[in-house]
Amino acid sequence: MAGSSVPQQDTATDSVVTVRLDGGESIVEMKPDETVLEAGRRSGLNPPFACEAGNCGTCMARLIEGRVEMRVNDALTDEDVAEGYILTCQSVPQTPTVTVEYE
């Protein structure tokens, strides 16, 4: 009761992320302050990644549903972001549900 009665504006702690990867779809419960990439890897998925610092773009995926906050973005252009791409290594959900698709 104590944790659910305190609204948290920074991150959606009760979020779930749907990850579309290699023709499959997995639903993963997020931990507080966990990135989409961290959640996917923790659940046994093998999403693409390299630097995990927001610099290379290897973990780029398209945000299909929901809203995330990217902590760092040194790889995507403004056009990439406008087209819905995110760096999953830096993306923390800001909505209860998030869906990402690795292309």
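The protein is annotated in an unreviewed UniProt entry as 2Fe-2S iron-sulfur cluster-binding protein from Nocardia aurea. If you open the UniProt record of the protein and go to Sequence similarities (unreviewed entry), you find "Belongs to the 2Fe2S plant-type ferredoxin family."

Attention shifts here to the pattern of salt bridges. One pass over the structure, following the stated rule, counts four salt bridges. In this structure, Arg-42 and Glu-34 form a salt bridge, with 2.8 Å as the shortest nitrogen-oxygen distance. Judged by relative accessible area, Arg-42 falls into the partly exposed class, the value being 39%. In this structure, Glu-103 engages Arg-62 in a salt bridge whose closest nitrogen and oxygen atoms are separated by 3.2 Å. Here Arg-62 lies in strand E3 (residues 60–65) and Glu-103 lies in the segment after strand E7 (97–101), a separation of 41 residues in the sequence.

What counts and how
- Residues numbered from 1 in each chain as written.
- Predicted model: local features only at pLDDT ≥ 70, side-chain atom pairs only at ≥ 80, totals over all residues.
- Heavy atoms only, no water.
- UniProt positions renumbered as here; feature names shortened; annotations may be inferred.
- Salt bridge = Lys/Arg side-chain N within 4 Å of Asp/Glu carboxyl O.
- Buried < 20%, exposed > 50% of the residue type's maximum accessible area, 1.4 Å probe, protein only.
- Helix = DSSP H or I, 4+ residues; strand = E, 2+ residues; numbered from the N terminus.

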